[in-house]
Amino acid sequence: MQAALLATSGETYTEAHKATTEKGCPLVVVVGATWCPACQQLKEKCCRSETAWFLRNVAFAHVDLDEEHELGTELTNGGPIPQIVVYRKTPWAGFCDA
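We now turn to the structure provided with this report. (Residues numbered from 1 in each chain as written. Predicted model: local features only at pLDDT ≥ 70, side-chain atom pairs only at ≥ 80, totals over all residues. Heavy atoms only, no water.)

1. Quick look at the pattern of salt bridges
Move 1: With the rule as written, the count across this model stands at one salt bridge.
Move 2: Here Lys 18 ties to Glu 22 by a salt bridge, and the two come within 3.9 Å at their closest N and O atoms. Linking Lys 18 with Glu 22, this pair stays in helix α2 (residues 13-23), spanning four residues, or about one helical turn. (Salt bridge = Lys/Arg side-chain N within 4 Å of Asp/Glu carboxyl O. Helix = DSSP H or I, 4+ residues; strand = E, 2+ residues; numbered from the N terminus.)

2. Description of the environment of Ile 81
Move 1: Within the secondary structure, Ile 81 sits in the loop between α4 (69-76) and β3 (83-87).
Move 2: The exposure class assigned to Ile 81 is buried, which follows from its relative accessible area of 19%.
Move 3: Linking Ile 81 and Cys 36, residues 45 residues apart in sequence, is a C-alpha distance of 8.1 Å. (Buried < 20%, exposed > 50% of the residue type's maximum accessible area, 1.4 Å probe, protein only.)

3. Observations regarding unusual backbone geometry
Move 1: In this model, Ile 81 is joined to Pro 82 through a cis peptide bond whose omega is 0°.
Move 2: With respect to the helices, strands and loops of the structure, Pro 82 is situated in the loop between α4 and β3.
Move 3: At Asn 77, a residue that is not glycine, the phi angle is positive and equals roughly 60°.
Move 4: Tracing the sequence through the fold places Asn 77 in the loop between α4 and β3.
Move 5: For Asn 77, a relative accessible area of 73% puts it in the exposed group.

4. Structural notes on the nonpolar core
Proteins that are soluble and globular tend to have nonpolar side chains buried together.
Move 1: Counting residues in hydrophobic clusters, the biggest one holds 17 residues, and the most contacted among them are Tyr 13, Val 29, Val 31, Leu 75 and Ile 81.
Move 2: In this structure, Tyr 13 is in contact with Leu 27, Val 29, Ala 61, Val 63, Leu 71 and Leu 75, ignoring residues within four places of it in sequence. (Core = buried A, V, L, I, M, F, W, Y, C linked by side-chain atoms within 4.5 Å. Contact = heavy atoms within 4.5 Å.)

5. Concerning the environment of Cys 39
Move 1: Positionally, Cys 39 belongs in helix α3 (residues 37-47).
Move 2: Exposure remark for Cys 39: the relative accessible area of 1% places this residue in the buried category.
Move 3: With near-sequence residues (within four places) excluded, Cys 39 lies in contact with Gly 32, Ala 33, Ile 81 and Pro 82.

6. Some points on the pairing of strand β1 (residues 27-32)
Move 1: For β1, a buried count of six out of six residues is recorded, marking the element as mostly surrounded by other parts of the structure.
Move 2: Taking every second residue as pointing to the same face, both faces of β1 are buried, with Leu 27, Val 29 and Val 31 on one and Val 28, Val 30 and Gly 32 on the other.
Move 3: Bridge count between β1 and strand β2 (residues 59-64): six bridges; the pairing is parallel. Each residue of the ladder has a partner; that of Val 31, found in β2, is Val 63. (Pairing = 2+ DSSP bridges.)

7. Concerning the sheet that holds β1
Move 1: Spatially, β2-β1-β3 is the arrangement adopted by the three strands of the open sheet, whose pairing is mixed. The sheet terminates laterally at β2 and β3, the two strands that pair on one side only. Taken pair by pair, the neighbouring strands of this sheet meet at an average axis angle of 20°, ignoring direction. (Axes fitted to C-alpha atoms, helices over the stretch in contact; angles between N-to-C directions.)

Dropping the structure here:
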C-alpha cells in the first residue's frame, strides 16, 4: 500500500533503505505490531492517501515487530512501540582515528 501512495519508497524496509541510499532522501520507518491498537492507528493515519502526501519525498517503510523481530528491536533499541524512526543524510563530521 505504501508503495502505491509514496513515489520514492518501497513497502519493505529493504526497498525503502535502497531508495534512500540511491536517492539520498530521508528514511522514515514506523515500527509497530498488528496486536497494538496505537500502532494500527498510527499506521492508518500515516498511510492513508489523503494524509500521506507529506511523505512523497521520503522513503517509507512499516516494520511489524512480530514478523521482523530482530530488525524492529534493533530500530527501536528494544523500546516501546509504536515508534517512528527517521534517518536523514547529514554532513560527515570527519571523525577518524589518527
